[in-house]
Amino acid sequence: MPGAPESHTGWTFITNHARVLATIAEGSTVRIRDIAARCRLTERAVQRIIADLEQDGYLSHTREGRANTYRIETDKVLRHPAEAGLSVASLLTLLVQDETDRGRDRVKAP
C-alpha cells in the first residue's frame, strides 16, 4: 500500500478538482485510492473534492456492490466567469489523453 503522496509547494496550472475530474474521466469505476495516488492527494482530500463536484452537479455516482461508478456531466459549464460558456467536455479534452499518447509522450526520441 503506498504511503502518503509527495507534497508539492508552489502554484500549479491545474486545480485539484480538475485533476480528480480528469482521472475519473479516464475510468468511471476508478477507486478513490487510485485517484489519490494519481493526483498525489490524500484519500480524504479526494473524498472532499468528489463531494464538491457532486454538490454542484458536475459529477454523480451509483453504488454497485462495493464499487462506485461515476458519471460526469460533460455539458455543464465551467464555474469561473473567465471560462463562461466553456463546458466540462472542453476542459476534459485538454486534460485527458489516450493511454497510447501518454506512453508516447514519456518516450521522446533523441
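All of the points below concern the structure found in this document. Keep in mind that this is a model prediction, so the values were computed, not measured.

**Focus on the overall build of the protein chain**
In step 1: Scanning the protein chain for helices and strands turns up five helices and two strands.
In step 2: In the protein chain, the order of α-helices and β-strands from amino to carboxyl end is α-α-α-β-β-α-α.
In step 3: Out of the 110 residues belonging to the protein chain, those deemed buried represent 25%.
In step 4: Partitioning the intrachain contacts of the protein chain with sequence separation of at least 6 by distance along the chain shows that 38% fall at a separation of at least 24.
In step 5: Of the accessible surface of the protein chain, which amounts to about 8,000 Å², a share of 53% is contributed by carbon and sulfur atoms.

**Topic: helix α3 (residues 43-55)**
In step 1: Here α3 spans 18 Å end to end across 13 residues, near enough to the 18 Å set by a 1.5 Å rise per residue.
In step 2: Along α3, the residues that are buried comprise Ala 45, Val 46, Ile 49, Ile 50 and Leu 53. Along α3, the residues classed as buried sweep out an arc of 135° about the axis, all on the same side.
In step 3: Elements that come into contact with the buried residues of α3 comprise α1 (16-26), α2 (32-39), β1 (59-64) and β2 (67-72).
In step 4: At the C-terminal side of α3, Gly 57 shows a positive phi close to 85°.

**Quick notes on α1**
In step 1: Listed as buried for α1 are Ala 18, Val 20, Leu 21, Ala 22, Thr 23 and Ile 24.
In step 2: Residues of α1 that are buried in the fold lie against α2, α3, β1, β2 and α4 (88-95).

**Let's talk about the packing of α1 against α4**
In step 1: In contact at an axis separation of 10 Å, α1 and α4 are set at 80° when each is read in the N-to-C sense. Viewed along their axes, α1 and α4 adopt a mutual orientation that is roughly perpendicular. Between α1 and α4, the contacting residues are Ala 18, Leu 21, Ala 22 and Ala 25 on the first element and Val 88, Leu 91, Leu 92 and Leu 95 on the second.
In step 2: Partitioning the contact of α1 with α4 into residue classes produces eight nonpolar, no polar and no charged.

**Examining the environment of Thr 62**
In step 1: The residue Thr 62 is located in strand β1 in this model.
In step 2: It is 9.9 Å that separates the C-alpha atoms of Thr 62 and Thr 29, two residues lying 33 residues apart in sequence.
In step 3: Once you skip the residues sitting within four places of it in the chain, Thr 62 turns out to touch Ala 67, Asn 68 and Thr 69.

**Observations concerning the pattern of salt bridges**
In step 1: For the structure on display, the rule yields five salt bridges.
In step 2: With a closest N to O distance of 3.8 Å, Arg 33 and Glu 43 form a salt bridge. Here the residue Arg 33 occupies a position in helix α2, and Glu 43 occupies one in helix α3, the gap between them amounting to 10 residues.
In step 3: For Arg 33, a relative accessible area of 38% puts it in the partly exposed group.

**Considerations on the packing of aromatic side chains**
In step 1: As enumerated under the stated definition, the model contains one aromatic pair in all.
In step 2: Measuring from centroid to centroid gives 4.8 Å for Trp 11 and Phe 13, while their planes differ by 75°, and the two rings are edge-to-face.
In step 3: For Phe 13, a relative accessible area of 77% puts it in the exposed group.
In step 4: Sitting above the plane of the Tyr 58 ring, Lys 76 keeps its charged end 5.1 Å from the centroid.

What counts, and where the lines are drawn
Residues numbered from 1 in each chain as written. Predicted model: local features only at pLDDT ≥ 70, side-chain atom pairs only at ≥ 80, totals over all residues. Heavy atoms only, no water. Helix = DSSP H or I, 4+ residues; strand = E, 2+ residues; numbered from the N terminus. Buried < 20%, exposed > 50% of the residue type's maximum accessible area, 1.4 Å probe, protein only. Contact = heavy atoms within 4.5 Å. Areas by Shrake-Rupley, 256 points an atom, 1.4 Å probe, with all protein chains shown as cover. Expected span 1.5 Å × (residues − 1). Arc of directions from axis to C-beta. Axes fitted to C-alpha atoms, helices over the stretch in contact; angles between N-to-C directions. Parallel < 35°, antiparallel > 145°, perpendicular 65-115°, else oblique. Nonpolar A, V, L, I, M, F, W, Y, C, P; charged D, E, K, R; others polar. Salt bridge = Lys/Arg side-chain N within 4 Å of Asp/Glu carboxyl O. Phe/Tyr/Trp six-rings, centres within 6.5 Å; stacked < 30°, edge-to-face > 60°. Lys NZ or Arg CZ within 6 Å of the ring centre and 35° of its normal.

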